[in-house]
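Spelled out from the first residue to the last, the chains are:
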Amino acid sequence: MLRIDKIIETDGTFYRRLVNIAIPVILQSLITTGVNLVDNIMLGQLTETALSAATQANQFIGLFTFAIMGISMGASVLTSRYWGAKDTASLRKVVTIALRSGLLLGLAFTLADILFSPQIMRLYFQSGETASIAGGIVYLHWSAPAFGLMAVSFVLTNIMRSAGLTRVPLIASVSAFGVNIGANYVLIFGKLGFPAMGVAGAALGTVIARVAETGIILCFFLRDKTIFYRLRHLREPCGDMVGEFLRISVPVMLSDSLLGLGENALAIIMGQIGAGFVTANSITMIVQRISTVFISGLSFSGCFLTGQVLGEGRVEAAKKQGYTYLLLGLGVGVLAAGLIQLFSGFVIDAYKITEETKAIARQLMNAVCVIVIFRATNSILTKGVLRGGGDTRFLLVADMSTMWLVAVPLGAIAGLWLCLPAFWVYLCLYADQVIKAVWCIFRLRSGKWIKKIKGVV
């Protein structure tokens, strides 16, 4: 008879380490999602046009988020491994490469925002929806400074998490949460003597919050004595580490960037279906993020703990932890589905939208309850265990093939050609989550996901 402790981790130390990493990440995700929810509700009090404009503009910003997360998470695969091996010199070189790469990417998106925002927004709406397009352009213009700030904060946040320094990003997010809500309320509605800026106020409030968040993270990181990274390290040579960084991080960056492009392709499909679908989906996205914050926490802890354990040379322990994370992900997915079903009606009723849009939102919420179970399972593996094991090339293939060969074409056929009900359109748009979950489980069982990293035993 198979003993459960042979495949599932039973050591209490593992769970304490998991909680110490996951809880701050979960709280930070809750705060971020709370900010987005408040933004949506505030804009929803204006018009559906304002809400859909900001939602679609954020799709482009979300593309940058996917790309910078790819850089930062790719870097953290290395830094967690070097942290486990106590090689802080190599760790600092990885930080330097990640910061340089992130800032260059931020500059590219800033220029695209400033120069091409009309062309960008026309991709997300039907040609006749001029008011929504104009609102999206305004939102992008006011959001331009956010890209550089996000580049620094995202990279440093994930580096600190990989070294177990999870409290500072949480403190920064709590501060940004308060700043964002206050600034948005004042700027969107024109309080305390400020003019009512509407969509522009929402974007500016978010930028102000990003300034606060990045400032707190920078102040701590540059004074910390654990990693001991200083500004002078940003200028020091790190060419000997570039090859290893590219080998591990580029597949992660490409994977996340292609996922971001895929999400944008799905947003474009939704935009062509109609503004009602876009608005309903924006409500759905917020509820989904709230219900899946535990997924992000488990994924981050899975990546970092796997990297640290492998850095310590404990391969069998990493395999056992992988199966443990798989079961935790499945359980969280089922719990999330129940929460969505329980609270979705209350959230939909909080918006000033038409009955037709509410009906679409209800269908989408039901579809999310199905997809979230598979999304939780594969996210724990793709963003967590398998990534922490250095299996970034496989993940690139898995993400790219399922998104672009399954989700995008199926979604386009279901929504634009067959004009199926919203429930079935959504299932087709996110069918990749089902396939990827099954595929990654087989990959976990194979053991081929554990890769060696230069300089680490």
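A brief look at the structure comes next. All figures in this text were calculated on a predicted structure; none of them were measured in a lab.

1. Things to note about the packing of aromatic side chains
Argument step 1. Scanning the entire structure with this criterion turns up 12 aromatic pairs.
Argument step 2. Considering the side-chain rings of phenylalanine 64 and phenylalanine 109, the 5.1 Å spacing of their centres and the 65° angle between planes classify their relative orientation as edge-to-face. One end of the pair, phenylalanine 64, is in helix 2 (residues 48–84); the other, phenylalanine 109, is in helix 3 (residues 88–122), and 45 residues separate them in sequence.
Argument step 3. Residue class for phenylalanine 109 comes out buried when judged on its relative accessible area of 13%.
Argument step 4. Through pairs of rings, three or more aromatic residues link up here, namely Phe60, Phe64, Phe109 and Phe147.
Argument step 5. Lying across the ring of phenylalanine 228, arginine 230 places its NZ or CZ 4.1 Å from the centre.

2. Topic: a nonpolar patch on the surface
Argument step 1. On the surface, Leu107, Leu111, Ile114, Leu115 and Phe116 cluster together into a nonpolar patch covering about 500 Å² of accessible area.
Argument step 2. Of note, isoleucine 114 is situated in helix 3.

3. What about the pattern of salt bridges?
Argument step 1. Tallied over the entire structure, the rule returns 6 salt bridges.
Argument step 2. In this structure, glutamate 213 and arginine 210 form a salt bridge, with 3.0 Å as the shortest nitrogen-oxygen distance. Of this pair, glutamate 213 and arginine 210 both sit in helix 7 (residues 199–221), 3 residues apart, which is roughly one turn of that helix. For the pair glutamate 213 and arginine 210, a shared accessibility class is recorded, and that class is buried.
Argument step 3. One salt-bridge network, in which partners are shared between bridges, spans Asp349, Glu355 and Lys358.

4. What about the side chain of threonine 157?
Argument step 1. With respect to the secondary-structure elements, threonine 157 resides in helix 5 (residues 146–162).
Argument step 2. Among the polar contacts made by the side chain of threonine 157, one reaches the main-chain carbonyl oxygen of serine 153 at a distance of 2.7 Å.
Argument step 3. Contact partners of threonine 157, with chain neighbours within four places excluded, come to Gln28, Pro169 and Ile217.

5. Digging into unusual backbone geometry
Argument step 1. Although it is not a glycine, phenylalanine 228 sits at a positive phi angle of roughly 55°.
Argument step 2. Note on placement: phenylalanine 228 falls in the loop between helix 7 and helix 8 (239–273).
Argument step 3. Classification of phenylalanine 228 by relative accessible area gives partly exposed; the value is 34%.
Argument step 4. For cysteine 419, which is not glycine, the phi torsion reads 50° and is therefore positive.
Argument step 5. If you trace the backbone, cysteine 419 turns up in the loop between helix 13 (392–417) and helix 14 (422–429).

6. Some details on helix 2
Argument step 1. Taking the largest bend as the criterion, helix 2 deviates by roughly 30°, centred on phenylalanine 60.
Argument step 2. Within helix 2, 32 of the 37 residues are buried, leaving the element largely enclosed by the surrounding structure.
Argument step 3. Among the residues trailing helix 2, lysine 86 stands out with phi positive, at a value near 60°.

7. What to know about the packing of helix 4 (residues 130–143) against helix 7
Argument step 1. Their axes nearest at 8 Å, the elements helix 4 and helix 7 cross at an angle of 25°. Classified by the angle their axes make, helix 4 and helix 7 are roughly parallel. The handedness of the crossing between helix 4 and helix 7 comes out as right-handed. Contacts between helix 4 and helix 7 involve Gly135, Val138, Tyr139, Trp142 and Ser143 from the former and Val199, Ala200, Ala202, Ala203, Leu204, Thr206 and Val207 from the latter.
Argument step 2. When the residues that make up the contact of helix 4 with helix 7 are grouped by side-chain class, the tally is 9 nonpolar, 3 polar and no charged.

8. Some details on the environment of tyrosine 351
Argument step 1. You can see tyrosine 351 is positioned in the loop between helix 11 (315–349) and helix 12 (355–388).
Argument step 2. By relative accessible area, which is 3% here, tyrosine 351 ends up buried.
Argument step 3. Put simply, tyrosine 351 and glycine 44 are 307 residues apart on the chain and 5.8 Å apart in space, counted from C-alpha to C-alpha.

9. Observations concerning helix 4
Argument step 1. Here helix 4 is 14 residues long and its end C-alpha atoms lie 20 Å apart, about the 20 Å a rise of 1.5 Å per residue gives.
Argument step 2. Along helix 4, the positions that sit buried rather than exposed are Ser132, Ile133, Gly135, Gly136, Ile137, Tyr139, Leu140 and Ser143.
Argument step 3. Looking at the packing, one finds that the buried side of helix 4 touches helix 2, helix 3, helix 5 and helix 7.

Each value, and the rule that gives it
Residues numbered from 1 in each chain as written. Predicted model: local features only at pLDDT ≥ 70, side-chain atom pairs only at ≥ 80, totals over all residues. Heavy atoms only, no water. Phe/Tyr/Trp six-rings, centres within 6.5 Å; stacked < 30°, edge-to-face > 60°. Helix = DSSP H or I, 4+ residues; strand = E, 2+ residues; numbered from the N terminus. Buried < 20%, exposed > 50% of the residue type's maximum accessible area, 1.4 Å probe, protein only. Lys NZ or Arg CZ within 6 Å of the ring centre and 35° of its normal. Patch = residues over 30% accessible without salt bridge, like charges linked within 9 Å, V, L, I, M, F, W, Y side chains within 5 Å. Areas by Shrake-Rupley, 256 points an atom, 1.4 Å probe, with all protein chains shown as cover. Salt bridge = Lys/Arg side-chain N within 4 Å of Asp/Glu carboxyl O. Polar contact = N/O pair within 3.5 Å; in protein donor to acceptor, adjacent residues only side chain to side chain. Contact = heavy atoms within 4.5 Å. Bend = angle between axes of the 7 residues up to and from the residue. Axes fitted to C-alpha atoms, helices over the stretch in contact; angles between N-to-C directions. Parallel < 35°, antiparallel > 145°, perpendicular 65-115°, else oblique. Left-handed = near helix turned anticlockwise from the far one by under 90°. Nonpolar A, V, L, I, M, F, W, Y, C, P; charged D, E, K, R; others polar. Expected span 1.5 Å × (residues − 1).

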